[in-house]
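Observations on the three-dimensional arrangement
Listed below, chain by chain, are the residues.
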Amino acid sequence: MPGPGGDPELRPGFGDPVADSQSVFREVLAAMSEPGTVRTVAVGLDAPAPLHPATAAVCLALMDFETPVWLDAVACTGAVRTWLRFHCGCPLVADPAAARFAVAADPVKLPPLDGFAAGSEAYPDEGATLVLQVGSLDGGMPVTVTGPGIPGERSFGPEDVTRDFWHQRRALEDLFPQGLDLVFTSGVGLAALPRSTLGRW
Amino acid sequence: MTRVSTVAPDGGYTFAYLDEQTKRMVRRAILKAVAIPGYQVPFASREMPLPFGWGTGGIQVTASIIGREDTLKVIDQGADDTVNAVSIRAFFARTAGVPTTTRTEDATIIQTRHRIPETPLRASQILVYQVPIPEPLRWLEPREAETRRMHALQEYGVMHVRLYEDIARYGHIATSYDYPVRVNGRYLMRPSPIPKFDNPKMDRSPALQLFGAGREKRIYAVPPHTEVRSLDFDDHPFEVQKWDQACALCGSTASFLDEIVTDNQGGRMFVCSDTDHCDARVLAGHVGSAAGDRDPGGA
Amino acid sequence: MYVAVKGGERAIEASHRLLEAARRGDPAVPELSTRQVSEQLPRAVDRVMAEGSLYDRELAALAIRQAAGDLVEAIFLLRAYRTTLPRLGNSEPVDTARMLVRRRISATFKDVPGGQILGPTPDYTHRLLDFRLADIAPTHAAQGEDTVQRDRLPPQEEPMPRVMDLLGREGLVEDETPAADEGQPPADITREPLRFPAGRDARLQVLARGDEGFLLALGYASQRGFSNTHPFAGEIRYGVVAVAIVPEELGFAIEIGEIELTEVQMVNQFAGSDTAPPQFTRGYGLVFGHQERKAMSMALVDRSLRGRELGEAADSPTEDEEFVLYHSDNVESSGFVQHLKLPHYVDFQSELELLRRLRSEFDPPSAQAAE
C-alpha cells in the first residue's frame, strides 16, 4: 500500500494525530512519573522496521524540527530515516552529544552514556532522553529502583540491558540534576527511568 | 450534586486551543520537569487568549495534557464558582469539549489557583497549579542569572536567613502563604501562593503535581510519592494555621476557612474555602452554626 | 446572612453584554468600518502590528475596533491570534538599503547622497487643533480625499544608500555585525524563552515588540544620564521594503509582498579601550509601519544595553538587560498588573490570621521608647 507522499516504502503516522499524540504522551508521562511501571501504548501504528509500535509512537508524540535525533546503527535504516523526516521533521544527527533524543534498537551496543548531552548545571533540562527498544520489559537482570515516583522501592529488569549499562547509569546518578532520562520500549509497552531514579542490584 | 457537563467543542479551534507543535514543546518541558523534581524548566510560553497572570501557565499545561478521556475541575481560592475558575472551565469546555466537574473525586485533572483541595488526591489524578512567580528566591535576588546559579550550587542559606530573621523579630516564621519547600532534598521550590495550611498535602501525594508559570515561562513538577518538605528549624518546626471557629455551614474544624464580612457592623462568619468539600459534608448531614443560610445545591 | 460568590457564569455573560454596548456607543451614530480604521488611524494600526508582532493592517484595525480603541488590549488580541498561526517558513532578511523611501533624514550631515526627504511628518506642524476636521460632512470628506490623493508623492524608485554605510567606509563607525555568532541561526524569542546574558539578536527582537511608552521612558532616561551613550540621529528612514522567501523546492528567492518599516541608526560616542581605537558605535531601531518615536527609543535602549559588551560601567537601569527585557512586553506587564483584580482572599486570610497573631503577641518596647 503506498504511503503518504507517494513513497511506497513510507509507513503512515498516527491515524488521529491530535488524540494519538496526547494519549501516547500521557503514557510516557505516567511512566516517567512512576518509574519502573509498565504502560501500554493504545494506538494502532504500522511502524517501519525495526521500530516497535511503542518506539515509533514515542517518536511521533515527542519529536519535531526542534529536536535533533540520534539513531543507533540498527535503527538507522533508510525506511526509519525517511519516516522520521516525513512525520516528525526532526534533524538527524550523527553525534550523540548533539541529540535531544536518541533512539536505540540495539541497546546492548549503545555508545558510552557519557557521550550523550547531560545538560548543564544551570540548565540540566538540556540532558537528552534516550529511547531504548528492548526484547521485553521484564526479562532481564532485576534492578531495585528508588526515588521520586516510587513509594518504597520497585523491581525493574528490562531485557537487553547489560550490567555495564547499569554501572554507567549509576555513575550518572552522582551528576544529578544533570543526567539522562530513559524510556524503555518493547512491543506496545513502555517504561521509564528518569535521572532522579536510583538503581541498585 | 455531581455537576458533570459536556459541551460540544467550538469548531473554530484546534483541540484544547494550542497547535500540536506547541503542545509537543510543552509536553517535552513537562517530562523534563518530572525527571528533575522542583527544577524550573524554561519553556516557550505562548500568548493565550486569557491575560498573562490569569492562569496562562496552568492553562498551557492543562491544554497539553488533557484528552477526551479526561474530566476537568477548575478552582480558584478553593471554589469552583469564582469568576476566573468559571472562565477557565468555560475555555476548556469550549475548545476541548471535555466533561467538567466540581467534584474532586470525579476529576482526572484539577487546575487550581491558590488552594489544594481538602479531599485527599489519589493516584492517576493530576493537579495543575497556576503560578505567578515560580522562583522562590526572586524576592531575595531579582536577577534570573543569579538565582539560576544559586540553584545550581544549592545556595539556599539566604532563604533560611530570611525565615530566621522572622523568628528573631516575631518569635516565629511570618510567612503564611507561598511558603518555600525543598523537593526530594534538592531543589528549593515555590509552591505557588497556596496557604501554608496546604503545604503538608504536597508531601508524598499519590497524585502528580504540575506547575505552570506562563508569563515567567517556567514549568516545574513534583512526581507522586515525592518528599516535599517545608523549610523550618529544629527549634521552630513548621506548623500550619488553625482556627478557633468551625465552618458555619458544615461544621468542619479541619478545613481552611474563609472569613466573610456579613454586615456593616463588622460581623464575621467563617466558611470552608473548598466549596466542593463543604457541599459534600452538608449533603452527608454535617451542620454548622449557620446551616440553612445557604443552599448547597444552588448555582 | 451569607451570600456566597455564586452565579459567576451569569455575571460574566452580563458583563460581556455591557462591554459590547460600551464599545458600540450610541447606536444612532454609524459604526466605524475596519477599513476606516486601517485607512484613517494608520499610526494606531502600526503600533498594534508592531507590538502585536503580526503584520496585518486589517486584523490590527479589527483589533482596535474590538478593543474600543484600547491599543494595549488590541495588541493583546493580535498576539493571542498570532499564537494560533502555523509557521510556514522564514523570510530572507529584509534589505533596508533597498527600501523605497518615503521619508529619510539625517541629523549628522547637512546633506547626504539621495538628499534629506522630509516626507509625511508632523514634526513641523504647529500643534493647533484643526477645527476643520471636527464633524466633517461626508461630501467634504470626499473632496478632502481627492486632494490627499493628488498630494501623495510617489516614492523614489532607486535604492538610497544608508548614511551609516558612508561612515563605515572610513572605519569611523564599528562594523555592523559582530562576527562571534555568525552562521548561527538568529534567536527566536517566540520559540525559545529568554536566557541571560541575552544576545543582541534576542534583545532587538524584544525591543521591537516592546511597549512604546516603556521604551520611550527608558530612552529618555538614557539621555538624562541614566546611561552614558551620547547619541546622534545618524539616519531615520521610513518606507517600503520587499519580503522574500526561498521555497525549498525552488532554491531561489521570490518576493511574497512588501511591508512598511521605520529604521533608525543612532551614532554614539565611544572612547575606545585598550584593544580598540576610538570609534563611533551604533544603536539600532527597526519597527513595523511609521513609528519614529518607537524606533528612536529602541535605538537608544539598544545602545544602552550594549554597555557591558563595550566594557562600559553599565550600572543604570537602562543598561540592565534583565530589567529592560523582562519588563518591556506590555502583554505580560498588563496581565500581571491587572491580575491583582482576581480574588486573593485565601492568601489575604492567611495574612489576616498572621497579623492578628503578631499584634496579640506584640510587646511594645517601652524601655527603648523611653530612651
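Turning next to the overall build of chain C. The helix and strand tally for chain C stands at 14 helices and four strands. Taking all 371 residues of chain C together, 39% fall into the buried category. The long-range share in chain C, meaning contacts at least 24 apart out of those at least 6 apart in sequence, stands at 65%. When the accessible surface of chain C is split by element, carbon and sulfur atoms take 57% of a total near 21900 Å².

A few words now on the interface of chain C and chain B. Each partner contributes residues to the interface: chain C has 48 residues there, and chain B has 65 residues. Of the roughly 4800 Å² buried where chain C meets chain B, counting both sides, 57% is carbon and sulfur surface. At the surface where chain C touches chain B, the tally comes to six salt bridges. For Arg-209 of chain C, the salt bridge is made with Glu-47 of chain B, and the minimal N-O distance between the two is 3.4 Å. Linking chain C to chain B there are 22 residue pairs in polar contact (both at pLDDT 80 or more). Sorting the residues of the side of chain C that touches chain B by element identifies helix H1 (8-24), helix H5 (71-83), helix H11 (321-326), helix H12 (330-338) and helix H13 (345-361) of chain C as the ones contributing at least two each. Ranked by residue count, the leading element in the side of chain C that touches chain B is H13 of chain C, at 13 residues. Considering only residue class, the side of chain C that touches chain B consists of 19 nonpolar, eleven polar and 18 charged.

So, on to helix H5 (residues 157-170) of chain B. All names here are of chain B. The terminal C-alpha atoms of H5 lie 20 Å apart, and with 14 residues this matches the ideal 20 Å at 1.5 Å per residue to within 8%. Restricting attention to buried positions, one finds in H5 the residues Met-159, Leu-163, Asp-166 and Ile-167. Along H5, the residues classed as buried sweep out an arc of 100° about the axis, all on the same side. Away from its buried face, by an angle of more than 90 degrees, H5 presents the exposed residues Glu-165, Ala-168 and Arg-169. Considering only its buried residues, H5 is in contact with strand E6 (187-189). Once H5 finishes, Gly-171 follows within two positions and takes phi at roughly 90°, a positive value.

Attention now goes to the sheet that holds E6 of chain B. Residues and elements named next belong to chain B. The three strands lie next to each other as E6-E5-E9, forming an open sheet whose pairing is antiparallel. Since the sheet does not close on itself, it has two edges, and those belong to E6 and strand E9 (228-230), each with one partner. Here the average twist between neighbouring strands, direction ignored, is 30°. By the bridge criterion, three bridges tie strand E5 (residues 181-183) to E6 in an arrangement that is antiparallel. Bridge pairing in E6 links Arg-182 to Leu-188.

Residues and elements named next belong to chain B. Interaxial distance between helix H2 (residues 56-65) and helix H3 (residues 83-95) falls to 12 Å at its minimum, and their mutual angle equals 30°. What the angle tells us is that H2 and H3 run roughly parallel. For the pair H2 and H3, the crossing hand works out as right-handed. Judged by residue contacts, Ile-59, Thr-62 and Ala-63 of H2 engage Ile-88, Phe-91 and Phe-92 from H3. Here the residues of the contact of H2 with H3 sort into five nonpolar, one polar and no charged.

Bringing the sheet that holds strand E6 (residues 154-156) of chain A into the picture now. Residue and element names in this part refer to chain A. Read across the sheet, three strands follow the order E6-E5-E9 without closing on themselves; strand pairing throughout is antiparallel. Two strands bound the open sheet, and with one partner strand each, they are E6 and strand E9 (198-200). In this sheet, adjacent strand axes meet at a mean angle of 35° when their direction is disregarded. Strand direction decides the pairing type here: strand E5 (residues 143-146) and E9, joined by three bridges, are antiparallel. Across the sheet, Val-145 pairs through a bridge with Gly-199, a residue of E9. Packed onto the sheet, helix H4 (residues 163-173) meets E5, E6 and E9 and runs at close to 140° relative to E9.

Interpretation of this model should avoid reading the predicted coordinates in detail wherever pLDDT is low. All names here are of chain C. Across chain C, the average pLDDT comes to 87, with 88% of residues at or above 70. Below a pLDDT of 50 lies the segment residues 1-5, which in the model reaches nine contacts outside its immediate sequence neighbourhood of four places, other chains included. Predicted confidence is poor over residues 140-144, with pLDDT under 50, and the contacts of this stretch with residues over four places away or in other chains come to one contact. Reported confidence for the predicted complex is 0.96 by ipTM and 0.89 by pTM.

Here we come to the domain arrangement of chain C. All names here are of chain C. Here chain C is partitioned into domain 1 (9-82) and domain 2 (96-146 + 155-328). When each unit is reduced to the centre of its C-alpha atoms, the spacing between domain 1 and domain 2 is 27 Å. Facing 13 residues of domain 1, the contacting portion of domain 2 comprises 15 residues. The contact between domain 1 and domain 2 buries some 1100 Å² in all, and 49% of this surface belongs to carbon and sulfur atoms.

Our focus in this paragraph is a nonpolar patch on the surface. Together, Leu-250, Phe-252, Ile-254 and Ile-256 of chain C line one region of the surface with nonpolar side chains, adding up to about 370 Å² of accessible area. Residue Ile-256 of chain C is classed as exposed on the basis of its relative accessible area, which comes to 52%.

Turning to the environment of Leu-84 of chain A, a few remarks are in order. All names here are of chain A. Checked against the element boundaries, Leu-84 lands in helix H3 (residues 78-87). Judged by relative accessible area, Leu-84 falls into the buried class, the value being 1%. Linking Leu-84 and Ala-31, residues 53 residues apart in sequence, is a C-alpha distance of 23 Å.

Conventions adopted
Residues numbered from 1 in each chain as written. Chains lettered and ligands numbered in written order. Predicted model: local features only at pLDDT ≥ 70, side-chain atom pairs only at ≥ 80, totals over all residues. Heavy atoms only, no water. Helix = DSSP H or I, 4+ residues; strand = E, 2+ residues; numbered from the N terminus. Buried < 20%, exposed > 50% of the residue type's maximum accessible area, 1.4 Å probe, protein only. Contact = heavy atoms within 4.5 Å. Areas by Shrake-Rupley, 256 points an atom, 1.4 Å probe, with all protein chains shown as cover. Buried area = accessible area lost by both parts, 1.4 Å probe. Salt bridge = Lys/Arg side-chain N within 4 Å of Asp/Glu carboxyl O. Polar contact = N/O pair within 3.5 Å; in protein donor to acceptor, adjacent residues only side chain to side chain. Nonpolar A, V, L, I, M, F, W, Y, C, P; charged D, E, K, R; others polar. Expected span 1.5 Å × (residues − 1). Arc of directions from axis to C-beta. Pairing = 2+ DSSP bridges. Axes fitted to C-alpha atoms, helices over the stretch in contact; angles between N-to-C directions. Parallel < 35°, antiparallel > 145°, perpendicular 65-115°, else oblique. Left-handed = near helix turned anticlockwise from the far one by under 90°. pLDDT = per-residue confidence, 0-100. Domains from an automatic or database assignment. Patch = residues over 30% accessible without salt bridge, like charges linked within 9 Å, V, L, I, M, F, W, Y side chains within 5 Å.

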